[in-house]
Every structure is written in structure tokens, then in C-alpha cells.
Amino acid sequence: MKFKAKKIAEIGDQIFFKNGIIGVVEKVNENSVIVNIIENKTELEFAGNRTVISHKNYKVIDCA
């Protein structure tokens, strides 16, 4: 898996966080993003498959 150098995701970007969760950014806020989870390889559960992640707690995936 390759990561992009940019630190802040944009709407539609895929991000990786919590050692095995991949999601698509739905909304970008000042200090965080709202993510729709598409892949979860952990024991964690998320209501409605959505969560909020701080900008310092994720990496943007290079899908190209």
C-alpha cells in the first residue's frame, strides 16, 4: 500500500487508520474528517460504518 505525501485528505480520498481500517472521506473539517468505512480488518465496530478521524491520525492512500 502506497501513501500520498499530503497530510490533509480531500473529499473522496481513501485513508488508512487504526492499523487496518480503510475509509472514504465524506467531509473535511478544520481538525478532522468524517469517513465512511469500506474495509475493517480489526475487532472495532462503528455505528453506521462512519467515524470521525483527526488529521494527525490517518494517512492518505495513493490509489493511482
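Residues numbered from 1 in each chain as written. Predicted model: local features only at pLDDT ≥ 70, side-chain atom pairs only at ≥ 80, totals over all residues. Heavy atoms only, no water.

S.K.: What is the right way to look at the packing of aromatic side chains in this model?
M.R.: For any pair of aromatic rings, the description rests on two quantities: the centre-to-centre distance and the angle between the ring planes. The final tally for this structure, using the stated rule, is one aromatic pair. Plain terms: the ring middles of phenylalanine 3 and phenylalanine 16 are 5.9 Å apart, the flat faces sit at 50 degrees to each other, and that makes the pair tilted. A residue pair is termed long-range when its members are at least 10 positions apart, and phenylalanine 3 in the segment before β1 (14-17) and phenylalanine 16 in strand β1 qualify at 13 residues. On the basis of relative accessible area, phenylalanine 3 is assigned to the partly exposed category, the value being 36%. (Phe/Tyr/Trp six-rings, centres within 6.5 Å; stacked < 30°, edge-to-face > 60°. Helix = DSSP H or I, 4+ residues; strand = E, 2+ residues; numbered from the N terminus. Buried < 20%, exposed > 50% of the residue type's maximum accessible area, 1.4 Å probe, protein only.)

S.K.: Would you take a moment to explain the sheet that holds strand β3 (residues 32-40) for this structure?
M.R.: Backbone hydrogen bonds hold the strands of a sheet together, and the pairing may be parallel or antiparallel. Spatial ordering of the open sheet is given by β4-β3-β2-β1-β5, a layout of five strands whose pairing is antiparallel. Lying at the two open borders of the sheet, with one neighbouring strand each, are β4 (50-54) and β5 (59-60). Pairing of strand β2 (residues 21-28) with β3, which is carried by seven bridges, proceeds in the antiparallel orientation. Bridge assignment links valine 24 to a residue of β3, and that residue is asparagine 36. (Pairing = 2+ DSSP bridges.)

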